[in-house]
Amino acid sequence: MKRALSVLLVIIMVFGMITTSFAASAEANEAADTLYELGLFNGTGTDANGNPIYDLDRAPTRHEAVTMLVRLLGKDAEAKAGNWDLPFTDVAAWAKPYVGYAYANGLTSGTSATTFGGNAKISASQYLTFVLRALGYTSGTDFQWNKAWELSDEIGLTNGEYDENTDEFLRSDIVIISENALEARLKGSNVMLLGKLYNQKHALKWQDEGRNIKMSSFELPDAIGKTTLTYDKAYALLGKDPEVIADNIKTVGDVVLYMNAANFDPARREAFTPWYINNSWGFDPPGYEGLNMGYGTCCAGNTNVALYLLKGDYEEQGVIRWMGGGNHTIAYVKAGGKYYVFDPTDFAHKSKSSITILDNIEDYYDYIPSNYPKAEMTNLVVLKDTDVAYPWGWNNRTETLIFPTEVKEHVVQLYPEGSSKVAFADVNGEIPLWNSSNFDVPADRALFDTYDNLKDQYAGKIPVFKLGMLSFEGNGNFGAPVGANYKITVSVEGNTVTDYTLTSNNPEVCEVIAGGETRIITHKAGECVLTLTYSGKTFTYEVKVF
């Protein structure tokens, strides 16, 4: 059984859970140990030495199975805290929180309108149905509950162990299925259930820490650091329209408070940074869209969020961007005739930013803080009096920064080095701007013409490319042994699509077989590149065959 042990160990260390040793000799005992260590499985008690008793050789009841499911989802505390209204009259008192949670969230139903049948033994298909629902699948649509093993085999949750002839289903089966579920992807997503559990716990931990945040720890100057919000008021803005959020945020201190309340940590998810025209033009999500997404992205995306929130609150605001030394984007505001330069990504990480105070923003290079790699910079520009980090590019992979001509008046080069230059290109349909609305883009390009249609035009059409148990959203790379035969599926927003093309640049190494179902077969050791084209967009997957 494949297990992401490194990931599990990281999660265990993060949550500080205590590992207990057992003389486990079977796969089920190992699975039970793992779940127990993660706090997702309690067993039925403890022995004289304080070790948990699993009772893996006993058939579970429906009460027990639902309880295990809710704990697997990390919802034990939420279930116990809920006041559940159940139509069933036969639910044991100890199981009511778990049955209540599962029933309220569509994970289980009763054996009749008024009975749950909690003391009855649960079948393999019934428990698989519970788990598939927890992964986002719908019984009756995605699978039939009395043949749940068909879908569970397909997604790798099971491997042919169960069918209509299965007459014995034990607690050992439950822990193995449950452990496999931790690595299963949620329907229509590249996120594992394990990752979802981590995000839930991480978010709760972040919220607890955020509520106790001390604004003084950020050492913001009074001119920009005073807050007009409390943590609770900042937290209440989550999910609101971005314009409403911006109306309530008046200072850089408010931005810090909101980013912490909103769990804006950019490490939580993949940075949303569309790339365009052979990776030579970069686009970062505008502040409006970043707030709609509700989480941090790349440095320029975080800068856009901060500047969107602060628009109109200061005398001037803008962007500083450099090439070399990591390629970074930060922000500045002008207050009381002084310029205050700060890094919104530090705030998103809940870290203190080095604040540089200047009489003239053009002097920034001379005062760059030591935590920025000044010696490695090859190009440094300031985009003055703007609330968005404009699209940018570079010429033939040199350090020449290119901006759209219409923003030329905003761009000032602060530090040229050698051949480093700043250039400008006319908007001709291939260089869209976030705030442009009157130009055409070729059909094979994504149209980023307004904030509002960003997701519809780009994010919503990124295919999820699956090869067996492997799954990629966008581009990717993987290794495969000689003789591998992978079934390929492509889905968009959870729906399988077939109107794509897939080619291999080296069929002798990895061959794409089309027909009733698309497959890739690896023939010999070497390397190849698979190219997926869908809806005018191209994605590549580098394959190393061993």
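In what follows, the accompanying structure is described.

Procedures and definitions
Residues numbered from 1 in each chain as written. Predicted model: local features only at pLDDT ≥ 70, side-chain atom pairs only at ≥ 80, totals over all residues. Heavy atoms only, no water. Disulfide = S-S within 2.5 Å. Helix = DSSP H or I, 4+ residues; strand = E, 2+ residues; numbered from the N terminus. Buried < 20%, exposed > 50% of the residue type's maximum accessible area, 1.4 Å probe, protein only. Core = buried A, V, L, I, M, F, W, Y, C linked by side-chain atoms within 4.5 Å. Phe/Tyr/Trp six-rings, centres within 6.5 Å; stacked < 30°, edge-to-face > 60°. Lys NZ or Arg CZ within 6 Å of the ring centre and 35° of its normal. Expected span 1.5 Å × (residues − 1). Salt bridge = Lys/Arg side-chain N within 4 Å of Asp/Glu carboxyl O. Polar contact = N/O pair within 3.5 Å; in protein donor to acceptor, adjacent residues only side chain to side chain. Contact = heavy atoms within 4.5 Å.

### Notes on the state of the cysteines
Tallied over the full model, the rule gives 1 disulfide. There is a disulfide in this structure between C510 and C528, and the S-S distance comes to 1.5 Å. Since a negative S-S torsion denotes a left-handed disulfide, the C510-C528 link at about 130° is right-handed. With C510 in strand β20 (residues 510–513) and C528 in strand β22 (residues 526–534), this pair connects stretches of sequence that are 18 residues apart. Comparing C510 with C528, the two get one shared label, buried.

### Here we look at the nonpolar core
Ranked by size, the top nonpolar core spans 53 residues in total, and within it Y127 and V175 carry the most contacts. Only α2 (27–37), α3 (62–72), α5 (96–104), α6 (124–134), α7 (148–154) and α8 (171–182) provide two or more residues apiece to this core. Counting 49 residues, the second largest nonpolar core, distinct from the first, contains L291, L309, Y340 and F342.

### Some points on the packing of aromatic side chains
How two aromatic rings sit relative to each other is given by the distance of their centres and the angle of their planes. The final tally for this structure, using the stated rule, is 14 aromatic pairs. Put simply, the rings of Y127, F130, Y162 and F169 touch in pairs and so form one group of aromatic residues. One residue, R62, lies across the ring of F116, its end atom 4.4 Å from the ring centre. The positively charged end of K374 is found above the aromatic ring belonging to Y365, 4.5 Å away from the centroid.

### Re unusual backbone geometry
Phi is positive for D55, which is not a glycine, with a value near 55°. If you trace the backbone, D55 turns up in the loop between β2 (52–53) and α3. By relative accessible area, D55 is classed as partly exposed at 33%. Phi is positive for D385, close to 50°, though the residue is something other than glycine. On the accessibility criterion, D385 (51% relative accessible area) is exposed.

### Points about α8
With 12 residues, α8 extends 17 Å from end C-alpha to end C-alpha; this agrees with the ideal 16 Å at 1.5 Å per step. Among the 12 residues in α8, 12 count as buried, and that is most of the element. Those residues of α8 that sit buried are R171, S172, D173, I174, V175, I176, I177, S178, E179, N180, A181 and L182.

### Structural notes on the pattern of salt bridges
According to the stated counting rule, one finds 12 salt bridges in the structure shown. A salt bridge links E78 to K75, with the nearest nitrogen and oxygen atoms 3.3 Å apart. Classification of K75 by relative accessible area gives buried; the value is 17%. A salt bridge links K80 to D76; its shortest N-O distance comes to 3.2 Å. Of this pair, K80 and D76 both sit in helix α4 (residues 76–81), separated by 4 residues, roughly a single helical turn. A residue is classified by how much of its surface remains accessible, and K80, at 52% relative accessible area, is exposed. Connected through salt bridges with shared partners, the residues D55, R58, E64 and R171 form a single ionic network.

### Considering the side chain of S504
Assignment of secondary structure puts S504 in strand β19 (residues 501–504). Look at S504 and you get buried, because its relative accessible area is 17%. Polar contacts involving the side chain of S504 include one to the main-chain amide nitrogen of N506, which spans 3.2 Å. Within the local environment of S504, its side chain forms a polar contact with the backbone oxygen of C510, the two atoms lying 2.7 Å apart. Leaving out residues up to four positions away in the same chain, S504 has contacts with C510, V512, C528, V529 and L530.

Treat this as a map of the structure, not an account of what it does.
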